[in-house]
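As a plain string of letters, each chain reads:
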Amino acid sequence: MSEPPSKVESAVEPPSKVEGVVEPSSKVEGVAEPSSKAAEASDPPNKVEEVAGKAIETVIEPAVQETPSVAPSADKPGISAVVGAAAAVQAALHAQQGTVPTYEPLPAYALQYAPLMWLHNEEQYWPGNPLEHLENCIPQHKTGTLIDVPKDIFGKCASLKLPSINDPDVYLCLNQEDPRVNARIEKLMATHGKPDPVTRRSDSTCWLILVDKSAIVEPGVVDVFYFYFYPYNLGNTVAFTKFGNHVGDWEHSMVRFKDGEPIALHLSAHADGHSFPWSIVEKMGDRPVGYVAKGSHAMYAKPGSKHYSPVPIVGPVDYTNKGILWDPSLNYVATKFDVPTATFTPLTAPPPTATTTAAPPTPGEAPDAASHPGAGSASPASTPVYDTKLTPEEIVTILDYKGRWGNSFSDVREPKGSVGDKVSELGDKLHSVLHFGKKHDAEPKKEKSLSHGLSQKLSMLRWAEGPTGPRYKSLERVGVTWNTTELSNELV
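Below or above, wherever it landed, is the structure these notes cover. (Residues numbered from 1 in each chain as written. Predicted model: local features only at pLDDT ≥ 70, side-chain atom pairs only at ≥ 80, totals over all residues. Heavy atoms only, no water.)

Turning our attention to the overall build of the protein chain. A count of helical and extended segments in the protein chain gives ten helices and 18 strands. In the protein chain, which comprises 492 residues, the proportion classed as buried is 47%. (Helix = DSSP H or I, 4+ residues; strand = E, 2+ residues; numbered from the N terminus. Buried < 20%, exposed > 50% of the residue type's maximum accessible area, 1.4 Å probe, protein only.)

Before going further, it helps to spend a moment on the pairing of strand β2 (residues 137-141). Across the five residues of β2, five count as buried, placing the element largely inside the fold. Inspection of the sheet shows β2 paired to strand β3 (residues 170-174) by five bridges, in the antiparallel sense. The partner of His141 across the bridge, within β3, is Val170. (Pairing = 2+ DSSP bridges.)

As a further point, take helix α7 (residues 392-399). Where α7 is concerned, the buried positions are Ile395, Thr397, Ile398 and Leu399. Where α7 is buried, its residues contact α5 (130-135), β4 (206-212), β8 (246-258), β17 (332-338) and β18 (343-347). (Contact = heavy atoms within 4.5 Å.)

Tallying each qualifying case throughout the model produces 14 aromatic pairs. Ring-pair connections join several aromatic residues into one group, and the members of that group are Trp207, Phe225, Phe227, Phe229, Trp250, Tyr401 and Trp405. The lysine or arginine in question, Arg471, covers the ring of Tyr472, its NZ or CZ lying 5.6 Å from the ring centre. (Phe/Tyr/Trp six-rings, centres within 6.5 Å; stacked < 30°, edge-to-face > 60°. Lys NZ or Arg CZ within 6 Å of the ring centre and 35° of its normal.)

To continue, consider the sheet that holds strand β10 (residues 272-277). Overall, mixed pairing links the seven strands, which are arranged β10-β9-β8-β5-β4-β17-β18 in an open sheet. The sheet is open, and its two edges are formed by β10 and β18, each paired on a single side. Averaged over neighbouring strand pairs, the angle between their axes works out to 25° when direction is ignored. As judged from the five bridges shared by β17 and β18, these two strands associate in the antiparallel manner. In the sheet register, Thr335 faces β18, and the bridge partner there is Pro346. (Axes fitted to C-alpha atoms, helices over the stretch in contact; angles between N-to-C directions.)

Working definition: two side chains of opposite charge can pair if their charged atoms are close together. In total, this model carries twelve salt bridges according to the counting rule given. Where Asp223 meets Lys213, a salt bridge forms, and the shortest distance between an N and an O atom there is 2.7 Å. Of this pair, Asp223 sits in strand β5 (residues 221-233) while Lys213 sits in the loop between β4 and β5, and the two are ten residues apart along the sequence. Overall, Lys213 belongs to the buried group, its relative accessible area being 0%. Between Asp223 and Arg256 there is a salt bridge whose closest N-O contact spans 2.7 Å. Taken together, the positions of Asp223 in strand β5 and Arg256 in strand β8 put the pair 33 residues apart, joining distant regions of the chain. Neither Asp223 nor Arg256 differs from the other in exposure class; each is buried. (Salt bridge = Lys/Arg side-chain N within 4 Å of Asp/Glu carboxyl O.)

It is worth spelling out unusual backbone geometry at this point. The residue Asp259 is not glycine, and still its phi comes out positive at about 55°. By secondary structure assignment, the location of Asp259 is in the loop between β8 and β9 (261-269).

This paragraph deals with a nonpolar patch on the surface. A contiguous nonpolar patch, built from Ile216, Val217 and Val478 and spanning about 200 Å² of accessible area, is present on the exposed surface. Secondary-structure assignment places Ile216 in the loop between β4 and β5. The exposure class assigned to Ile216 is partly exposed, which follows from its relative accessible area of 34%. (Patch = residues over 30% accessible without salt bridge, like charges linked within 9 Å, V, L, I, M, F, W, Y side chains within 5 Å. Areas by Shrake-Rupley, 256 points an atom, 1.4 Å probe, with all protein chains shown as cover.)

Our next topic: the environment of Pro105. Inspection of the secondary structure puts Pro105 in the loop between α3 (79-98) and α4 (109-112). The spacing of Pro105 and Lys336 is 231 residues in sequence and 10.0 Å in space, taken between C-alpha atoms. Setting aside its immediate chain neighbours within four residues, Pro105 contacts Leu347, Thr348, Ala349, Pro350 and Pro351.

The next thing to look at is the nonpolar core. Of all hydrophobic cores here, the largest spans 63 residues; its most connected members are Leu106, Trp207, Leu208, Ile209 and Tyr226. For this core, the element with the most residues is β5, which contributes eight residues. If we skip the residues at most four places from it in the chain, Leu106 touches Leu111, Leu208, Leu210, Tyr332, Ala334, Leu347, Thr348, Ala349 and Pro350. (Core = buried A, V, L, I, M, F, W, Y, C linked by side-chain atoms within 4.5 Å.)

On their own, these measurements won't tell you what the molecule is for.
Laid out in C-alpha cells, this is it:
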C-alpha cells in the first residue's frame, strides 16, 4: 500500500508551485483573465470582480489541485487554460444574471385614460409595426447612396444602432417597390393592422412615452404620449392630384396629467395639431376619443370634413368619421423619456394590484352595430395588454432612431447632374470620412433649399420625405401644443 501523496518523493508542490502549470490568478497565454474579461462586458465593475473572484475560487483552484501534473503542450493547452476560459464564461454569465435591470412600472392612469381612435370606414392604409416596416426597407443616404449593412442584421432592429444608419441624413427606403408606380402595396397597406370590429384590437403596437415635466412646467405635471405607426401616408387631393404622400408615418396623441388626473389632450395633425382642455373633449367613459383622417392619419376631436390649409375652396381636406373603433391600449409598450439627458428607459406594465382596466364606454355613447357596421357596441371594459414580442432594447432603439422612416425620393430632390446633386455628393464623401464618433444631440437640421424648377417643386410636394420618429416630436415641449401654450376652447 502506497503512502499518502504528502510523503511521496515525487509529489508535486501545491498548485501555485507546480512546474509548467500557471497559477490560477495569473495570466494564461491566449486566454484573458476571467475578472478582466467580465469587467469589460458588464457593469458595475464591483459586481463583476466579486463574481470573477468566486469563479476562481470555486472552479479554477479545485481543478488545478485535482490535476496538477497536466502541463501545457502543442496539443494540450493545459488545465489552467481550460478552466481559465471556463471561469471567464461563468463569470460573464453570472455577471449578466446579476445585472439584469429592473424597470419601473407604467402608472396605471396612463392606461385608464388612454385615447380611443375612430378610423375612417374607407381607410386603406392601416396601422402597422416599425419592425415589419424595417424588414421591407433598405437604408439610403439622402442623396440616394445605398448604405451597406452586415447580412446578419439586415432588416433587423440592431441595424438601427449602427452609426452609419442612426443618422439624420439616412432614410429607410422601401426595398424594390416604388410607391410612385403603385401605392397599393400590401407592405404599405398593412391590412393585418386593421382593428377587429368586435374586440377593437389591432396587431399594431401603440408606443407610450411618459415624460415627467415637474421641473420644466410645474410640480406634478406628467405628459403621456401615445404614438401610432403607419407604413404609408396617403396625401389629399388638390386639382385632381394627391399631394403629401410619404412612406412611413408617425402620429401621436398626448394626455397631460396633474397629480395623476388628466387636464388636457393633444391630437397631432400635419405640422402641429390641436390641444383641448380635458373637460370639453368627447369621451367614452373616462377615455378621450380622437378621429383619424382617411389616408393622412391626422387626428381631430370631431368627425367630419377638415379644411386644414389656409388656401380657400381648393385647399386640401381631411375626412374623418366613425368607421372602426380602435383601442390602442390592447397592444402597447411603454417607456419614459428623461428631458435633461434625452434618453429613453423602458417601463413595465402596471402591477396586477393597480387599476389597469381601461374605463368602459358610457352606455349610449358608442354607436350601435346596425347604424355603424364594424363599429361594434359599447362592450365591457377592456384589459390593456403589454406587447412582449418586443424586447426593452428594441423598444428604445426604435424610439431613439435619428434617421427617417421612409423614402427620401432623392431622384426628385437631387436629380443627377444638378448642382444640388454635386454638392450632396461632396457632402456624402465628407460624411463617410468624418462620420466616426459623430454625435447628434439636437434635432436634425433642415437642408437649405436649392433652386428648383416648377415641375420639380410640384413633384417634391407630391412625394414628401419620410418622417422623423418619436424622438423628434417635441417630447420636451412645455406647452401642451408644439408651438403655443394656449388650448382651444372649441373642438375642431
